[in-house]
Amino acid sequence: MTAPSTAQSCANIAFIKYWGRRDHALRLPLNGSISMNLDGATTTTTVIFDPALDEDRVIILDAGTTAQAAHRVSAHLDRVRALAGITTRARVVSRNSFPMGTGIASSASAFAALTVAACAAANLTLDERALSILARLGSGSACRSIPAGFVEWHAGEDSETSYAETIAPPEHWDLRDLIAIVQTAHKDVGSTTGQALVDSSPFSEARLAAAERGLAVVRNAIRACDFETFGEETEQEALRMHAVALTSQPSVLYWSPETVRIMQAIRAWRAEGVRAYFTIDAGANVHVLCPGADVDALAKRLRELKGVRDVLANRPGPATRLIDAHLV
Ligand code: PMV
């Protein structure tokens, strides 16, 4: 039996979204994307390769493990085993610090943590770019949780050139992401299903062209710490992604009435001079972006809104890293 290896990874929130793939098996995206790691939304995963096992054992603590999730983890372990030249089965134990399936990207932190823990347990030394590529094969957005801070995923030409890297470290900008939780149940339509429908939307090409332009706007605004330019483009991109989801066939509607209530509140507060913009992933929860100085006042306002069950505050988070606290 190998010694346990444990990795901790942050979820990430995309400002320019990954929505649509040009290769589903390799998870190659239609467009590049930009995100920030979320220091308060983490997955911790321990991996041990154990010759006594005849199949992988996967436990997701506090959430229960579906056969589908276990199968996806096993398929990812197969990629690591192939690279390491081993066939040993593994014990995997994982825990999230946030509810799964709510639009907080649990698959991103899950596959980034699994990649780093499994490689360490298999004595496989890969550089950050190779880890990002490997994580991408497990879940697209996971490639962005490997590097630290503010991150860009290059769409690339092929698998070797489609990876994520840091564009600014966490300490570069005190941007905050407040996640207004309105739903904790598993979402009806997973992002994998939604991603596969993109081509059926009449708006997909227009959104793609706008997202390409948005990449430079958001990258430059992050580098310049220009909150208003950053926020305007980020909010527009969220609406563009959801416009594609809404007009896919079949249509995918991720919002609940509470989602729309928060979107309207943000706009009303902005008209009063509050510095805040929203973005939304493949779920009903709303991510509210604001400067560090405004976070307490904004969190208070959000908590007072009807239907908001909790508000999770995040700063720019670190890279996926090995830690010493094992789950087994
Ligand atoms: O990595 P996936 O297949 O879970 O897709 C993530 C999709 C969004 O979260 C909606 C957008 C993004 O870029 O993270």
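Residues numbered from 1 in each chain as written. Predicted model: local features only at pLDDT ≥ 70, side-chain atom pairs only at ≥ 80, totals over all residues. Heavy atoms only, no water.

Here we look at the packing of helix α2 (residues 106-121) against helix α3 (residues 128-138)
Formally: All axes are obtained by fitting lines to C-alpha atoms, using only the stretch in contact for helices, and the reported angles, taken between N-to-C directions, cover 0 to 180 degrees. Secondary structure elements follow DSSP: runs of H or I of four or more residues count as helices, runs of E of two or more count as strands, with numbering from the N terminus. Any angle between 65 and 115 degrees counts as roughly perpendicular, while under 35 counts as roughly parallel, over 145 as roughly antiparallel, and the rest as oblique. It is the rotation of the near helix from the far one that decides the hand of a crossing: anticlockwise by less than a right angle makes it left-handed, clockwise makes it right-handed. Two residues form a contact once any of their heavy atoms are found within 4.5 Å.
Relative orientation of the contacting elements α2 and α3 amounts to 125°, with a least axis distance of 9 Å. Considered as vectors, α2 and α3 are oriented oblique to each other. As for how α2 packs across α3, the hand of that crossing is right-handed. Residues F111, A112, T115, V116 and C119 of α2 touch α3, and the partners they reach there are L131, L134, A135 and G138.

Description of the packing of aromatic side chains
Quick note on the threshold: Each aromatic pair joins two rings of Phe, Tyr and Trp (for Trp, the six-membered one) with centres within 6.5 Å, and gets the label stacked for planes under 30 degrees apart, edge-to-face for over 60, and tilted for any other angle. Here the term buried applies to any residue with accessible area under 20% of the maximum for its type, exposed to any over 50%, and partly exposed to those in between, with areas from a 1.4 Å probe on protein chains only.
Across all of its chains, the model carries seven aromatic pairs by this definition. With centroids separated by 5.3 Å and ring planes inclined at 80°, the aromatic side chains of W173 and F230 adopt a geometry described as edge-to-face. Of the two residues, W173 is situated in the loop between β8 (164-168) and β9 (175-181) and F230 in helix α6 (residues 227-246); the sequence distance between them amounts to 57 residues. As far as the burial class goes, W173 and F230 line up, both buried. Joined through ring pairs, the aromatic side chains of F15, F150, W173, F227, F230 and Y277 make up one cluster.

Details of helix α5 (residues 204-224)
What counts is decided by this rule: Helices are assigned an expected span. That span is 1.5 Å times one less than the residue count. Take the seven residues that end at a residue and the seven that start at it, fit an axis to each, and the angle between those axes is the bend at that residue.
Taking 1.5 Å as the rise per residue, α5 with 21 residues should run 30 Å; its terminal C-alpha atoms sit 30 Å apart, in good agreement. The largest bend in α5 amounts to roughly 25° and is located at G214. For α5, the set of buried residues is S204, R207, A210, A211, G214, L215, V218, A221 and I222. Taken together, the buried residues of α5 touch β1 (5-16), β4 (33-49), β7 (150-153), β8 and α6. Two residues or fewer past α5, C225 is found with a positive phi of approximately 50°.

Focus: the site of the ligand
Basically, it comes down to this: Nearness is judged by heavy atoms alone; a residue qualifies as near a molecule or strand once a single heavy atom is within 4 Å of it. Under the rule applied, a polar contact is a pair of N or O atoms within 3.5 Å (in protein, one hydrogen donor and one hydrogen acceptor; residues adjacent in sequence only if both atoms are side-chain atoms). Areas reported as accessible are Shrake-Rupley estimates using a 1.4 Å probe. Residue values count occlusion only from the protein chains shown. Each residue gets one label: Ala, Val, Leu, Ile, Met, Phe, Trp, Tyr, Cys and Pro are nonpolar, Asp, Glu, Lys and Arg are charged, and the others, such as Gly, are polar.
In the vicinity of the ligand there are 15 residues, among which Y18, S141, R144, S191 and Q195 approach most closely. Side-chain polar atom of S107 to an oxygen atom of the ligand: 3.3 Å apart, as the coordinates give it. Here D281 contributes a side-chain N or O atom positioned 3.4 Å from an oxygen atom of the ligand. For the ligand, whose free accessible area comes to 380 Å², the fraction covered by protein is 96%. Among the residues making up the shell around the ligand, the classes are represented as five nonpolar, six polar and four charged.

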